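Descriptive analysis of the structure
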Number of protein chains: 2
Amino acid sequence: MASIEIVTIGTELLLGHLVDTNSAFVASALADIGVDVYAKHSVGDNPERLEMMLRGALDRADGVITTGGLGPTVDDLTKEAVAAATGTHLELHEASLRAIEERFAMMNRTMSDNNRRQAMLPVPGTVLDNPHGTAPGFIALREDKKFVAGMPGVPREMRAMMMDKLVPWLLERFELRQTITTRTIHTIGIPESELDRRIEDLFRSSENPKIAVLAHGGRCDVKIMAKAETADAAKAMIAPVEREIRERIGYGIYGVDQQTVESQIVDILRRRRQTIATAESCTGGAISDALVRVPGASDVFRGGVVAYNNDVKRSMLDVPADILREHGAVSVETAVAMARGARRRLGADVAIATTGIAGPGGGTEDKPVGLVWFALVADGEPRTYRATFPGDRGDIRARATMAGLSAIWRYLERADANVPITPFMSEARR
Amino acid sequence: MASIEIVTIGTELLLGHLVDTNSAFVASALADIGVDVYAKHSVGDNPERLEMMLRGALDRADGVITTGGLGPTVDDLTKEAVAAATGTHLELHEASLRAIEERFAMMNRTMSDNNRRQAMLPVPGTVLDNPHGTAPGFIALREDKKFVAGMPGVPREMRAMMMDKLVPWLLERFELRQTITTRTIHTIGIPESELDRRIEDLFRSSENPKIAVLAHGGRCDVKIMAKAETADAAKAMIAPVEREIRERIGYGIYGVDQQTVESQIVDILRRRRQTIATAESCTGGAISDALVRVPGASDVFRGGVVAYNNDVKRSMLDVPADILREHGAVSVETAVAMARGARRRLGADVAIATTGIAGPGGGTEDKPVGLVWFALVADGEPRTYRATFPGDRGDIRARATMAGLSAIWRYLERADANVPITPFMSEARR
C-alpha cells in the first residue's frame, strides 16, 4: 500500500495562531483513494528544520505532501528546502511566470520580484497550476522516484489543486485501484461508553471494514470504513456490518453520512408538509440559524423570534405578564407560553422555545447558571424538558442549541420519551 | 531556550475525520511562557510508530507533549509506547484509581477493567490529575531528565490540565522567566495585501517584537509578539510598535486581543445606554446569535425576528405588502422596512436588517445567489449596503453575518462611509 506523510508549513502553526485544517483535508482525500497516511507534521518557516523533516519523511514513506510556504513574502524558503531534500534544482517555469503576470495585469496591480520567484520550480518534476491564486504547486522527483509535492497554504487554492491535480497524479503514480469508503451512523442520547459496550466485540474483531466510535458535542458517530477495489465492493462489505450495528444500537440513530439533525428535521417536516417556528432566549437565534443552514429550509421554516428581553417575550410572543411575574423568565411556564406564542404568531404547525441562564452572571441557588427549559408545542399537550448544562457561556449555549435541535427531531419522530436526549436533559411533566 | 515537540495521537487525525485543534492550543500556551515549539506531529493509534516518533522528538527537543490515546478503549496503547520510549515502566497509581472509582460511583455507572487501566501510569514520573474526566495525565521522566507529558484528547479536559497542571510544572522545570506577550490588532475592510504594503518594512526589520499579518474570514489581524523577562517589559516593547502600526493603518481598527466586533458593539451601546434589535432573513438568526454570545448582551440587546417567510415579514415586522410585491423580498426597500419594523416593534434605538439569496437555488440574473441587502436604522436616514458574496450557501451566510456585524460597528462609530466594510460590499444610496 502506498504511504504518504503530510507536512504543513508555517510558523503561525507552531505558535498556535492558526488551526491546521489543511492536513485534515489532504488526509481525507488520501484515505478516499486508499493511500495510507503514516504521520502528519507541522514545521515553521525554517528551511533547515524543514529539510530535515522532509528527509526523515522520505525515508519512511513513498512520498511527502506539503502545504504552505509558497507565498511571496521574504521568509518563504520552502522550495529551496524541497530541492535540497530531493536532490532537485529550481528553474524558472515560463508558463507559470506568464500565468502570474496575467493575474497581476487582471487585478491592475504591479508585480514584485517576490512574485516572480513564485515561478521558480523544482526540476526534475511536474508543475501543478493554480487557477485560484498566484503560487503554482509542484512535484519534485527524487532519483529513486520518491517525491515531495508542494501546494499553497490558502485552503481554497490548496483544495482545488489537491482534488484536480494531485489526486489524479497519485492515482496514476501508484496505479491505485483500492478505495476506502466510509459510512457514518449518527446517534443522539447514547453515551460513548454505552455505545462502546454494545459494539465493542465488533470493532475488536473487524479489520476490514474497520469500525470506530467518535464522540463530539454531545453526540456519537459510528464510522464503518471498508477498503476494496471499487466503491461498490466496499459498500457491499459495509452493508451487513451496518445492519448488525443498527440492531445493536436500537433507538437513537438520527441519520447517516452528510445528514445532520437539522437536515433531518427539515426533511421530516417537508414530507409531512408541516412548518416550524422558533422562540429563543438563551440560544439567541442559534437554533433558527441551524435550521436556515439547510438548503431549502424556506419550505418548512416560517421564522423565529429571539425574545431576549421580557418586554419582547410579552409583545412579540404574548407571554402573559403574570406568568413572567410568578414563575420568572426561566421557567417551564414561560417556555410553554413562548412556544405557543411563536406557533400562533408565526403561523407554524410546530414551535420550539428555549429559555435559560447562560451565565456568567444571573444564576441563583434555585436557578443556577446552565439551567435551560425547552418546550415543544403542536396540537395537543406540550412536551417540555429541563436541562442543566456544564461549562462556560459558550459551552452552555452550544449544548442548549444541540439539545434543542435534538428535542425537535425526537418530537417529530414521536419517539420514546424515556430515552434521554442528552445526558444533561430530562423530560418534565407539568 | 527550552524546546518542545507536540505529538497528537489518533487514527482519526490521519484519516482526516477530525481537525486537530489541541496542538494549536498547546502551542499557544507554550508560546505564552516562552517555550519554543520545534515541530508538531500527528500519529495514529499505532504503538510502534508512536514510540519511533517519540524517540525522534526526544532526540531533538527537551521534552514532548502528547494529547490523545488515553481513553478506555482497547486500542489506546499510548502509555506503553511512552514507557518504552522513555525507559520508564507503568505502575498502578492508587489515588488515580480511587478518583476514577468515585467518578463512576457518582455517575451511577459500572466501571470496567479498561477504566482501571487508566490508572496505570509511568514511573518515575508525575501524575496530572483530571478533574474533568476519567483519564489522568502524566509526565514520564527519562534518565537524562528529558520527558514525555501525556494528556487526554478531549479538548475540555486537556485545556484545563494544560493550564492548571502542566504549565506550572514547565515553568519550574525550565526555570522560565522569559515570556512572550502578544498584542493583536483587529481590522476590518483593509485587504491583506494593502495592510502588508503599509507595514511591510516594519515586519521585515523587526525581530523582537515580531510582527505578522493574518487574514481570516474577511478581516485581518496584525500580531505583535515580544519576548522579555516579564510581561510588563514585553508590553513596553510592544507599545511604540503598536502606535506606529496604528498610525500607518489609520481607519479600520475595531479592537484588540479578545475584543470581537460583537463585543465592541455591545460595549459602545452600553456606554451610550442604547439598545439594538435585529431583523434577519438569509442570516437566519446568526447576527442575533453573535450578539448574545457576548456576556451581558442583555443590557443592550432587545431581541430579533427571523423573518424567513414573507408572511412573517408582514405580520411580525409590518413590511408593507406592496413593497414585497413591487420590489421583492430581496431588495433595499424590504431591508429598510424590516429594520424599521424591528426597531419599532422591539422597542430598540438601533436596528439592522438582512435580506438576501443564500442559494443554492433562488437566484436570477438581476438577483444572483450571493446578493444580500443590509439596512441600518436609528433616528434619521437609514444607511443601506448591498453586497454580492462568493461561495456556497455556508460561505455566503457566514460572510453576510460578519458583514452585518461590521456594518453595525461602523454605523455606531459614525465612521467614514467611503471605507469599504468588506471587499464585497458597497454603500447604496436610495
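Residues numbered from 1 in each chain as written. Chains lettered and ligands numbered in written order. Predicted model: local features only at pLDDT ≥ 70, side-chain atom pairs only at ≥ 80, totals over all residues.

This next bit is on the domain arrangement of chain A. Taken domain by domain, chain A consists of domain 1 (3-173), domain 2 (179-256) and domain 3 (261-428). Using C-alpha coordinates to define each centre, domain 2 of chain A is positioned 31 Å away from domain 3 of chain A. (Domains from an automatic or database assignment.)

With that out of the way, let us pick up the relation of the copies chain B and chain A. In this structure, two copies of a chain are linked by a rotation about an axis accompanied by a shift along it. The two copies are related by a screw operation: chain B maps onto chain A through 180° of rotation and 0.7 Å of translation along the axis, at an RMSD of 0.9 Å. The operation mapping one copy onto its partner corresponds to a two-fold rotation axis. Taken as a fraction of all interface residues of chain B, those also at the interface in chain A reach 98%, which identifies the copy contact as same-surface. (Least-squares fit on C-alpha atoms with pLDDT ≥ 70 in both. Contact = placed C-beta atoms within 7 Å.)

Accessible area lost when the parts come together is the quantity often used to give the size of an interface. Taken together, the contact pairs 55 residues of chain B with 55 residues of chain A. A class-by-class count of the residues in the side of chain B that touches chain A yields 29 nonpolar, 15 polar and eleven charged. The sheet contact formed by strand S14 (residues 301-307) of chain A and strand S14 (residues 301-307) of chain B spans five bridges and is antiparallel. Looking at S14 of chain B, one finds that Gly304 of chain A is bridged to Val306 of chain B. (Nonpolar A, V, L, I, M, F, W, Y, C, P; charged D, E, K, R; others polar. Pairing = 2+ DSSP bridges. Helix = DSSP H or I, 4+ residues; strand = E, 2+ residues; numbered from the N terminus.)

On to the sheet that holds strand S12 (residues 253-256) of chain A. All names here are of chain A. The four strands are arranged S10-S11-S9-S12 in an open sheet whose pairing can be described as antiparallel. The outermost strands of the open sheet, each flanked by one partner alone, are strand S10 (210-216) and S12. Here the strands of the sheet are splayed against their neighbours by 25° on average, with no regard to which way each runs. Of the strand pairs in this sheet, S10 and strand S11 (residues 219-228) are connected by seven bridges, and their pairing is antiparallel. By the bridge assignment for S11, Val213 is matched with Val222. Where helix H8 (residues 192-205) meets the sheet, it contacts strand S9 (179-188), S10 and S11, and its direction lies at approximately 175° from that of S10. (Axes fitted to C-alpha atoms, helices over the stretch in contact; angles between N-to-C directions.)

The next thing to look at is the packing of helix H2 (residues 22-32) of chain B against helix H7 (residues 155-173) of chain B. All names here are of chain B. Taken N-terminus to C-terminus, the directions of H2 and H7 make an angle of 20°; their axes are 11 Å apart at the nearest point. Between H2 and H7, the angle is such that the two are roughly parallel. Crossing of H2 against H7: the hand is right-handed. Two secondary-structure elements touch here, H2 through Asn22, Phe25, Val26 and Ala29 and H7 through Pro155, Met158, Arg159, Met162, Met163 and Val167. (Parallel < 35°, antiparallel > 145°, perpendicular 65-115°, else oblique. Left-handed = near helix turned anticlockwise from the far one by under 90°.)

Residue and element names in this part refer to chain A. Along its 20 residues, helix H15 (residues 393-412) runs 29 Å from first to last C-alpha, staying within 8% of the 28 Å computed at 1.5 Å per residue. Counting buried positions along H15 yields 17 of 20 residues, so the element is predominantly enclosed. Just beyond H15, the residue with positive phi is Arg414, at close to 50°. (Expected span 1.5 Å × (residues − 1). Buried ≥ 20, exposed ≤ 12 C-beta atoms within 10 Å, placed from the backbone.)

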